[in-house]
Amino acid sequence: MPFDNVYSEKRLPSRVRDIWQFFHRDTLAMIGLYGFLALLFLCLFGSAIAPYAVDQQFLGYQLLPPSWSHYGEVSFFLGTDDLGRDLLSRLLTGTAATVGSALIVTYAAAFCGIVLGTLAGVTHGLRSALLNHILDTLLSIPSLLLAIVVIAFIGPDLTHAMLAVWLALLPRMVRTLCTAVHDEMDKEYVIAARLDGASTRYIIWYVVLPNIGPVLVSEFTRALSISILDISALGFLDLGAQMPTPEWGAMLGNSLELVYAAPWTVMLPGVAITLSVLIVNLLGDGIRRSLLSQMD
């Protein structure tokens, strides 16, 4: 029987069901899943469900505290900023600018990292050594610092910040995938697949990549967390999204001088960033544990 047919007869739906059952029993993983679905929903429909426009100003309602405060108003549940803009509306709409941009950047970096890392993992000799030296040089620079250097050349903007973060994430993504693929290619089951007549492309797609699933999940969630933090940091430094774009980091940076007069204007964007990173990490850890449970 041909090698390709042997692998096609595996009961993939059964394995997926086992992974889901293990994942479903993990309380923290389910919290991460529901939280991540909520973030996706807000990325798509946050501006639609926001009670007010992000740039709508209410004169006489500047620095209004949240509604549960003694001086709060029910009409502004999370209060207002120094220009009288509703913070709830800006936080809901800003999900797309922060988390949505980070998702796009991470998916792009993951795709390029898988392609380049896989190609690098199956190469040897001078090309492999040259690539490793280039990656080592880029990895010696912190991702945020590399993003700031890129922004210095192309100028501050949310799109430019996304490009800068993508360039900063790519070297580590490529290096991690390259190392994982290279280690798998030397294992006995890959050698056995070669002896059975499997092509290199088939081995990579159907044999190697499924077995490095936990590495892919770990790297993707790590990159997504870093993307959220770096995009927010660039906005905080006024190098990313520019006002009046309601990006959480930019909101945090513009409200920093109000930390004593109106602490909710600083606390709320910071809590949103922290919760987003926590949700991503919980989901990634849960998926990785579920995949590892089926590999033991």
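Residues numbered from 1 in each chain as written. Predicted model: local features only at pLDDT ≥ 70, side-chain atom pairs only at ≥ 80, totals over all residues. Heavy atoms only, no water.

Asker: Can you help me understand the layout of surface pockets in this one?
Answerer: If a probe as big as a water molecule is rolled over the atoms, it shows which places are left empty. Approximately 330 Å³ is the volume attributed to the second largest pocket. For the second largest pocket, the lining is made up of 16 residues, of which Leu39, Leu42, Trp248, Ala272 and Leu275 are closest to its centre. At 6 residues, helix H12 (residues 264–295) tops the list of elements feeding residues into the lining of the second largest pocket. Grouping the constituent residues of the lining of the second largest pocket by class yields 13 nonpolar, 3 polar and no charged. (1 Å grid on protein atoms, 1.4 Å probe; cavity = no way out; pocket = protein on both sides within 12 Å on 5 of 7 lines; lining within 4 Å. Points joined across faces, edges and corners; volume = space filled by probe spheres on them. Helix = DSSP H or I, 4+ residues; strand = E, 2+ residues; numbered from the N terminus. Nonpolar A, V, L, I, M, F, W, Y, C, P; charged D, E, K, R; others polar.)

Asker: Hey, could you run me through the environment of Gly121 in this one?
Answerer: By the secondary structure assignment, Gly121 is in helix H4 (residues 87–121). A relative accessible area of 1% places Gly121 in the buried class. Beyond its immediate stretch of four places on either side in the chain, Gly121 contacts Cys178, Val181 and His182. (Buried < 20%, exposed > 50% of the residue type's maximum accessible area, 1.4 Å probe, protein only. Contact = heavy atoms within 4.5 Å.)

Asker: Any chance you could explain the packing of aromatic side chains here in plain terms?
Answerer: For any two aromatic rings, the description comes down to two numbers: the centre-to-centre distance and the angle of the planes. Per the counting criterion, the structure on display carries 8 aromatic pairs. Ring centres 5.6 Å apart and planes at 75° place the aromatic pair Trp68 and Phe77 in the edge-to-face group. Note on Trp68: relative accessible area 58%, which makes it exposed. A relative accessible area of 44% places Phe77 in the partly exposed class. One aromatic cluster in this structure is built from Tyr52, Phe58, Tyr61 and Phe76. (Phe/Tyr/Trp six-rings, centres within 6.5 Å; stacked < 30°, edge-to-face > 60°.)

Asker: What am I meant to see in the packing of H4 against helix H7 (residues 158–185) here?
Answerer: Any two packed helices are characterised by the angle at which their axes cross and by the distance between the axes. Contact geometry for H4 and H7: axes closest at 7 Å, N-to-C directions at 35°. In this structure, the crossing between H4 and H7 has a hand that is right-handed. Partitioned by chemical class, the residues of the contact of H4 with H7 number 21 nonpolar, 6 polar and no charged. (Axes fitted to C-alpha atoms, helices over the stretch in contact; angles between N-to-C directions. Left-handed = near helix turned anticlockwise from the far one by under 90°.)

Asker: Where do I start with the pattern of salt bridges in this structure?
Answerer: Opposite charge on two side chains permits them to pair, given that their charged atoms come into close proximity. As enumerated under the stated definition, the model contains 6 salt bridges in all. Here Arg85 and Asp81 are joined by a salt bridge, their closest N and O atoms 2.8 Å apart. A relative accessible area of 8% means that Arg85 is categorised as buried. Asp81 sits in the buried class, given a relative accessible area of 4%. One salt bridge in this structure joins Lys187 and Glu184, with 2.9 Å as the shortest N-O distance. Relative accessible area serves as the criterion here: at 39%, Lys187 is assigned to the partly exposed category. Within the structure, one salt-bridge network assembled from shared partners comprises Arg172, Glu219 and Arg222. (Salt bridge = Lys/Arg side-chain N within 4 Å of Asp/Glu carboxyl O.)

Asker: I tried to follow the nonpolar core on my own but got confused; where do I start?
Answerer: Nonpolar side chains in soluble globular proteins generally cluster together in the buried interior. The biggest cluster of nonpolar side chains holds 60 residues, and the ones touching the most others in it are Ile203, Leu224, Ile228 and Trp248. In terms of residue count, H7 provides more of this core than any other element does, 11 residues in total. Setting aside anything within four residues of it in sequence, one finds Trp248 in contact with Leu91, Gly94, Thr95, Thr98, Val99, Pro269, Ala272, Ile273 and Ser276. (Core = buried A, V, L, I, M, F, W, Y, C linked by side-chain atoms within 4.5 Å.)

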